[in-house]
Amino acid sequence: MRIAPWCLCLLVAVFVHLPAAGTPACADGPLQINEIMAGPARDWDGNGTFSSRDDEWIELVNTGVGSLDLAGYFVTDGDSIPRMALSGLLPGSGRLLVTGGVSHDWEVANGFPAFGLSLANSGDAVLLWHVSGPDTALVDAYTFRSHEAAADRAIGRSPDGTGAWVLFDALNPYTGATPPAGNGCMPTPAAPNLCNLTPVRLMPWGKMKTLYR
């Protein structure tokens with residue numbers, strides 16, 4: 001997505017005046033940060049080549065039932081520099097995977113410093129912002145520690161969008177005492193975080209009554 005020069009100037013102005021990470025409270029909204037991979041050690045983006053920059057990823061989820069227009073949403077790391085502007089429609093319960101490679105391409109195309117997602121393995125933050133007119137709101141944020149950013153560990157919500165943050169550490173088991181603990185599950189980029197959860201089957205009341213006559 002290429003942004004016209006006047007739009008680029010507006011974006012720079014908006015982000016220069018963003019509050020410091022962690023300062024504002026998060027606004028309610030259907031789009032949420034769902035899973036983060038800050039320390040990749042393999043080809044997570046599936047392009048056939050491993051890159052510690054390009055294979056970082058952030059998964060976002062639309063917790064609403066209807067499609068969500070992503071225009072105006074931006075992702076930053078802890079320094080609040082824009083890493084990716086979102087666009088298009090995300091269906092209800094849909095997931096959007098933003099890799100470091102996609103972030104890098106957006107930065108190059110729009111004249112921003114080209115670092116990718118730039119998630120620090122010593123600990124960092126991921127922030128989701130929404131710009132609407134003159135207002136910039138922090139929609140969601142998560143600050144992770146160094147053990148959450150170790151090789152091929154992901155930190156994610158369980159269940160999607162609303163659950164507590166847990167460590168998906170099947171590829172690199174975590175045995176330390178600092179929370180969050182590992183759950184022994186595989187990272188799930190662009191897929192539901194269902195490990196160790198009992199699926200729920202929804203059915204109408206009439207069907208329920210026939211099962212228990």
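Preceding block: the structure.
Everything quoted here is computed from the prediction, not taken from an experiment.

Even after reading the chapter, I still don't get the overall build of the chain, so can you show me in this structure?
Tallying secondary structure elements over the chain gives 3 helices and 11 strands in all. Reading the chain from its N terminus to its C terminus gives the helix and strand order α-β-β-β-β-β-β-β-α-β-β-β-β-α. Counting over 213 residues, the chain shows a buried share of 43%. When contacts within the chain are restricted to residue pairs at least 6 apart in sequence, long-range pairs at least 24 apart make up 60% of them. For the chain, the computed accessible surface area is about 10600 Å², with 59% contributed by carbon and sulfur atoms.

Just to check I follow, could you spell out the nonpolar core for this structure?
Within soluble globular proteins, side chains that are nonpolar generally end up buried alongside one another. Grouped together as the largest cluster of nonpolar side chains are 31 residues, with contacts concentrated most on Leu31, Ile36, Leu86 and Leu128. Elements with a contribution of two residues or more to this core: strand 1 (31-37), strand 2 (57-62), strand 4 (73-77), strand 5 (82-85), strand 8 (123-132), strand 9 (135-145) and strand 11 (164-168). Once residues within four sequence positions are removed from consideration, isoleucine 36 is found in contact with Trp57, Leu119, Val126, Tyr142, Phe144, Arg153, Ala154, Ile155 and Trp165.

How should I be thinking about the state of the cysteines in this particular structure?
Disulfide: a covalent bond formed between the sulfur atoms of two cysteine residues. The full count for this structure, using the stated rule, is 1 disulfide. A sulfur-sulfur distance of 1.8 Å marks the disulfide that ties cysteine 185 to cysteine 195. Since a negative S-S torsion denotes a left-handed disulfide, the cysteine 185-cysteine 195 link at about -75° is left-handed. Taken as a pair, cysteine 185 in the loop between strand 11 and helix 3 (205-211) and cysteine 195 in the loop between strand 11 and helix 3 lie far apart in primary sequence, 10 residues in all.

Would you take a moment to explain the sheet that holds strand 8 for this structure?
Adjacent strands of a sheet pair through backbone hydrogen bonds, lying either parallel or antiparallel. The sheet built from 4 strands is open, its strands ordered 5-4-8-9 with antiparallel pairing. Unpaired on one side and paired on the other, strand 5 and strand 9 mark the two borders of the sheet. Across the sheet, the mean angle separating the axes of adjacent strands is 20° when strand polarity is ignored. Where strand 8 meets strand 9, 10 bridges bridge the pair, whose relative direction is antiparallel.

Looking at this structure, how should I read the environment of glycine 133?
Checked against the element boundaries, glycine 133 lands in the loop between strand 8 and strand 9. Taking the relative accessible area as the measure of exposure, glycine 133 reaches 66% and is therefore exposed. Through-space distance from the C-alpha of glycine 133 to that of glycine 72 is 9.2 Å; in sequence the pair is 61 residues apart.

It is not clear to me how the pattern of salt bridges should be interpreted in this structure. Could you clarify?
Oppositely charged side chains are able to pair whenever their charged atoms sit close together. Using the criterion set out here, one finds 7 salt bridges in the structure. A salt bridge links arginine 83 to aspartate 77, with the shortest nitrogen-to-oxygen separation between them at 3.5 Å. Take arginine 83 and aspartate 77: they sit in the same class, and that class is buried. Note that glutamate 107 and arginine 83 form a salt bridge whose closest N and O atoms lie 3.7 Å from each other. Linking glutamate 107 in helix 2 (residues 100-109) with arginine 83 in strand 5, this pair joins segments that are 24 residues apart in sequence. Neither glutamate 107 nor arginine 83 differs from the other in exposure class; each is buried. If you follow the salt bridges from partner to partner, you end up with Asp77, Asp79, Arg83 and Glu107 in one network.

What counts and how
Residues numbered from 1 in each chain as written. Predicted model: local features only at pLDDT ≥ 70, side-chain atom pairs only at ≥ 80, totals over all residues. Heavy atoms only, no water. Helix = DSSP H or I, 4+ residues; strand = E, 2+ residues; numbered from the N terminus. Buried < 20%, exposed > 50% of the residue type's maximum accessible area, 1.4 Å probe, protein only. Contact = heavy atoms within 4.5 Å. Areas by Shrake-Rupley, 256 points an atom, 1.4 Å probe, with all protein chains shown as cover. Core = buried A, V, L, I, M, F, W, Y, C linked by side-chain atoms within 4.5 Å. Disulfide = S-S within 2.5 Å. Pairing = 2+ DSSP bridges. Axes fitted to C-alpha atoms, helices over the stretch in contact; angles between N-to-C directions. Salt bridge = Lys/Arg side-chain N within 4 Å of Asp/Glu carboxyl O.

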